[in-house]
Amino acid sequence: MNQYKKVAFHTLGCKLNFSETSTISRLFTDAGFARVDFADQPDIYVINTCSVTNNADKECKKLVRKALKINPDAFVAIIGCYAQLKPTEIAEIDGVDLVLGANEKFNLLEHVEDLRKKKEATVFNTEIKQVHQFFPAYSSGDRTRTFLKVQDGCDYFCSFCTIPLARGFSRSANIAKTIAVATEVAGTEAREVVLTGVNLGDFGSGTEENFFGLIRELERIDGIDRYRISSIEPNLLSTEIIEHVAASAKFAPHFHIPLQSGSDKILESMRRRYKSDLYRDRVSTIKSLMPHCCIGVDVIVGFPDETDEDFMDTYNFLNELEVSYFHVFTYSERDNTTAVRKPELAVPMNIRAERSKKLHILSDKKKRKFYEDNVGREGVVLFEGEEDNGLMYGFSENYIKVRTPFDAALVNKMAKVKFTAIAADGNMTIETDLESMELLNPGHLSLAK
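In this text, all values refer to a predicted model and were calculated from it rather than measured experimentally. (Residues numbered from 1 in each chain as written. Predicted model: local features only at pLDDT ≥ 70, side-chain atom pairs only at ≥ 80, totals over all residues. Heavy atoms only, no water.)

A. Just unusual backbone geometry, in detail. The backbone of Asp305 sits at a positive phi, close to 70°, despite the residue not being glycine. Looking at the secondary structure, you find Asp305 in the loop between strand E12 (294-301) and helix H11 (308-320). On the basis of relative accessibility, which here comes to 35%, the residue Asp305 falls in the partly exposed class. Its identity as a non-glycine residue notwithstanding, Tyr399 has a phi of 65°, on the positive side. With respect to the helices and strands, Tyr399 occurs in the loop between strand E15 (391-396) and strand E16 (401-405). (Helix = DSSP H or I, 4+ residues; strand = E, 2+ residues; numbered from the N terminus. Buried < 20%, exposed > 50% of the residue type's maximum accessible area, 1.4 Å probe, protein only.)

B. Geometry of the sheet that holds strand E13 (residues 325-330). One open sheet accounts for three strands, arranged E11-E12-E13; its pairing is parallel. Of all strands in the sheet, those with a lone pairing partner are strand E11 (254-260) and E13, marking the two edges. Adjacent strand axes in the sheet meet at a mean angle of 20° when their direction is disregarded. The sheet contact formed by E12 and E13 spans six bridges and is parallel. Residue Asp298 lies in a different strand from E13, and its bridge partner there is His327. Each of E11, E12 and E13 is contacted by H11, which is oriented at about 175° to E12, the strand it contacts most. (Pairing = 2+ DSSP bridges. Axes fitted to C-alpha atoms, helices over the stretch in contact; angles between N-to-C directions. Contact = heavy atoms within 4.5 Å.)

C. Quick look at the side chain of Glu306. Within the secondary structure layout, Glu306 lies in the loop between E12 and H11. A relative accessible area of 4% places Glu306 in the buried class. Within polar-contact distance, the side chain of Glu306 engages the backbone nitrogen of Gly302 at 2.8 Å. Apart from the residues within four sequence positions on either side, Glu306 is in contact with Ile266, Ile300, Val301, Phe311, Val347 and Arg355. (Polar contact = N/O pair within 3.5 Å; in protein donor to acceptor, adjacent residues only side chain to side chain.)

D. Up close: the environment of Glu384. With respect to the helices and strands, Glu384 occurs in the loop between strand E14 (378-383) and E15. Considering only alpha carbons, one finds Glu384 and Phe370, 14 residues apart in sequence, at a separation of 22 Å. If we ignore the near neighbours within four places in the chain, the residues touching Glu384 are Thr144, Arg145, Met392, Tyr393, Gly394, Phe395 and Val411. Polar contacts involving the side chain of Glu384 include one to the side chain of Arg145, which spans 2.9 Å.

E. Structural view of the packing of helix H8 (residues 239-247) against helix H10 (residues 276-289). Two elements in contact, H8 and H10, have axes whose closest approach is 10 Å; the angle formed by their N-to-C orientations is 25°. With respect to H10, the axis of H8 lies roughly parallel. For H8 against H10, the interelement crossing comes out right-handed. Across the interface between the two elements, Thr239, Ile242, Glu243 and Ala246 of H8 pack against Arg282, Thr285, Ile286 and Leu289 of H10. Looking at side-chain class alone, the contact of H8 with H10 contains four nonpolar, two polar and two charged residues. (Parallel < 35°, antiparallel > 145°, perpendicular 65-115°, else oblique. Left-handed = near helix turned anticlockwise from the far one by under 90°. Nonpolar A, V, L, I, M, F, W, Y, C, P; charged D, E, K, R; others polar.)

F. View of the pairing of strand E4 (residues 75-80). Buried residues dominate E4, accounting for six of its six residues. On E4, burial covers both faces: Phe75, Ala77 and Ile79 on one face and Val76, Ile78 and Gly80 on the other are all buried. Relative to E4, strand E3 (residues 44-49) runs parallel, the two sharing six bridges. Bridge pairing in E4 places Asn48 opposite Ile79. As paired strands, E4 and strand E5 (residues 98-100) are joined by two bridges and run parallel to one another.

Quick look at the structure:
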């Protein structure tokens, strides 16, 4: 009997991890476990790890120590990307009882019948080449939005990335099964769905289906007011996808498109599947159809053999592009990637830091300019529920963060508002008269493009 057993989860890393943690936690609650907070003396701790950060081992050890300080007798299970990549390393951490790799993590419930502490951790870890099954997942616990996993794995093997080694080959459910899960999500309170995956645009790889076909079918589901595409490779962002979003009443005019470098030499060394001209063309197509569309960019600085000239190619390329913000990553050496095989080409850490700082400053300027261009426009804002010093926040369809005095009547509501000015904290202010806002009922959404 598990109704008196308590389980706590902690998630590191990406939104994909969060969607998977939520799905695994629902399996536990359906089985009679009570999900509690980390500090509430749980019987089981489940830590879902990440492999993207270069200090995954330190984060994992720190969380295990924290858990056992709260409850020394707690059963500790480690899952996720780090658990797939370094299972033996994790098993040697004091206090860990169970390590599950990519293929086993959704079977966690089957491994916790005996919750007694183990002298040695038990490891279940299938070789990643043997991992072919797709497990759908979506996040819960947030009334405002949910992250819906529609794809997993990646076939690209970029020279800096360990994700294919941690998550396996690209795979997904078919459109019909994905729509069934999305329909389940439509029955929750969430009004926005963020589509997530490792390589989202590769949905349907190896079949007759594709990502464009999926978003056309998602558009028809009742009960979901807004979709957001989390991140999509430029070579997979087809014109037909862009045109669909531009004409859609549900898909937000917001794209996050990884670039990684504006230098074609570095892109080739990274084994990316496009050149800078294609990226420029994708941005131009988006802006021609949706002038106020938000475009986010992933960029890596300090990749091996990135010269000052290569970095300035990236800086100037981004400076000239009509994009809205960057996620800047400082390159870090990762085991089992081809980029680490030439240590003589390594960029000194102080230069990596300088380049990162320059791009962060440029990103702030880009974001400010994007916000300034939207002052005086109308947008559709989905308001969130947390109160912060008398204020509440929300995001417009084109990803502008809005602040306004807290009003319980706006929580989890969508409203057509007018952007008035940029506040001191960098967020957008709006006309605050509730009567001037047009609250939009579920199913009656029309996104401003």
